[in-house]
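# Breakdown of the fold
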Amino acid sequence: QKKPIGKICVILEIYKKTIQELLRAMAELSLKKQAKKLLKEAEAAGLKQNFFFRTTFERYTVQMDLLKELQKTIEDDGATVTKTYVKGRENICTHPAITEYNKTATAANGTVATLIKILEAFKGEEESTSKLQSFLDSMNDE
């Protein structure tokens, strides 16, 4: 009787991983869709080539990639890890990826807030009217 149960567990584990991969793909598609929407808004506001917007948006995409990798690590490894001390004693503790995930999520939230502020500040303005933008454009030409 143990063998059929073991096979069922293996099959369930395969389904679980397949569903997790599907959910990850759907989330990634949603993020890409949201990023495209944000870029369209930036273009409409004349910000697509703005130095501050571009660098902040690039930072946000890197943070989102890190979050995806950390999430995958947590899903694959579990929420806890076992640390073995020098004397051989073992201790179960929270996976370090969870702490990094939380830090990165907080940073990404701040980056989104900055992107929104940039969009709101420049909405309706032409890039060429900004002295700062003109200066930055001249710096990019060098």
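Refer to the structure printed above.
Residues numbered from 1 in each chain as written. Predicted model: local features only at pLDDT ≥ 70, side-chain atom pairs only at ≥ 80, totals over all residues. Heavy atoms only, no water.

The next subject is the pairing of strand E1 (residues 80–84). A regular strand carries its side chains on alternate faces of the sheet. Pairing analysis gives five bridges linking E1 to strand E2 (residues 90–94), with the strands arranged antiparallel. Counterpart to Val-81 in the pairing with E2 is Cys-93. Joining the antiparallel neighbours E1 and E2 is a turn of five residues, in which Gly-88 adopts a positive phi near 95°. (Pairing = 2+ DSSP bridges. Helix = DSSP H or I, 4+ residues; strand = E, 2+ residues; numbered from the N terminus.)

By size, the foremost hydrophobic cluster in this structure holds 13 residues, and its most contacted members are Leu-38, Leu-47, Phe-53, Leu-115 and Leu-119. For this core, the element with the highest residue contribution is helix H2 (residues 51–77), accounting for five residues. The contact partners of Phe-53, leaving out residues within four places of it in the chain, are Leu-38, Leu-39, Ala-42, Leu-47, Leu-115, Ile-118 and Leu-119. (Core = buried A, V, L, I, M, F, W, Y, C linked by side-chain atoms within 4.5 Å. Buried < 20%, exposed > 50% of the residue type's maximum accessible area, 1.4 Å probe, protein only. Contact = heavy atoms within 4.5 Å.)

Turning our attention to H2. Along an α-helix, residues three or four positions apart point the same way, because every turn accommodates 3.6 residues. Over its 27 residues, H2 runs 39 Å from end to end, which matches the ideal 39 Å to within 8%, given 1.5 Å per residue. Among the residues of H2, those classed as buried are Phe-53, Thr-56, Phe-57, Tyr-60, Gln-63, Met-64, Leu-67, Leu-70 and Ile-74. Capping the start of H2, Asn-50 holds a side-chain oxygen 2.8 Å from the backbone nitrogen of Phe-52, two or three residues further along. Two residues or fewer past H2, Gly-78 is found with a positive phi of approximately 95°. (Expected span 1.5 Å × (residues − 1). Polar contact = N/O pair within 3.5 Å; in protein donor to acceptor, adjacent residues only side chain to side chain.)

Attention now moves to the pattern of salt bridges. Counted under the stated rule, the structure contains three salt bridges. Across the pair Lys-72 and Asp-76 runs a salt bridge, and its minimum N-O distance is 2.8 Å. Of this pair, Lys-72 and Asp-76 both sit in helix H2, four residues apart, roughly one helical turn. Assessed through its relative accessible area of 34%, Lys-72 is described here as partly exposed. Taking the shortest distance from any N to any O, the salt bridge between Glu-100 and Lys-103 comes out at 3.6 Å. Taken together, the residues Glu-100 and Lys-103, both in helix H3 (residues 96–122) and three residues apart, mark about one turn of the helix. (Salt bridge = Lys/Arg side-chain N within 4 Å of Asp/Glu carboxyl O.)

Quick look at the side chain of His-95 now. Along the polypeptide, His-95 turns up in the loop between E2 and H3. At 3.3 Å, the side chain of His-95 and the side chain of Asp-77 are in polar contact. For His-95, the residues in contact, after removing those within four places along its chain, are Thr-73, Asp-77, Gly-78, Ala-79, Thr-80 and Val-81.

Here we take up the environment of Lys-48. Along the chain, Lys-48 turns up in the loop between helix H1 (2–44) and H2. With relative accessibility at 37%, the residue Lys-48 sits in the partly exposed group. Taking the C-alpha atoms as reference, Lys-48 lies 9.8 Å from Leu-38; in sequence the two are 10 residues apart. Those residues in contact with Lys-48 that lie beyond four places of it in its chain are Ala-42, Glu-43 and Arg-54.

Let's shift gears to the packing of aromatic side chains. Evaluation of the coordinates by the stated rule reveals two aromatic pairs. When the centroid spacing of 5.6 Å and the interplanar angle of 70° are considered together, the rings of Phe-51 and Phe-52 count as edge-to-face. By relative accessible area, which is 32% here, Phe-51 ends up partly exposed. Here the aromatic rings of Phe-53 and Phe-57 are separated by 5.8 Å at their centres, their planes lie at 15°, and the arrangement is stacked. Taken together, the positions of Phe-53 and Phe-57, both in helix H2 and four residues apart, correspond to about one turn of that helix. The burial state of Phe-53 is the same as that of Phe-57; both residues are buried. (Phe/Tyr/Trp six-rings, centres within 6.5 Å; stacked < 30°, edge-to-face > 60°.)

Everything listed here is a matter of coordinates, which is why it stays silent on function.
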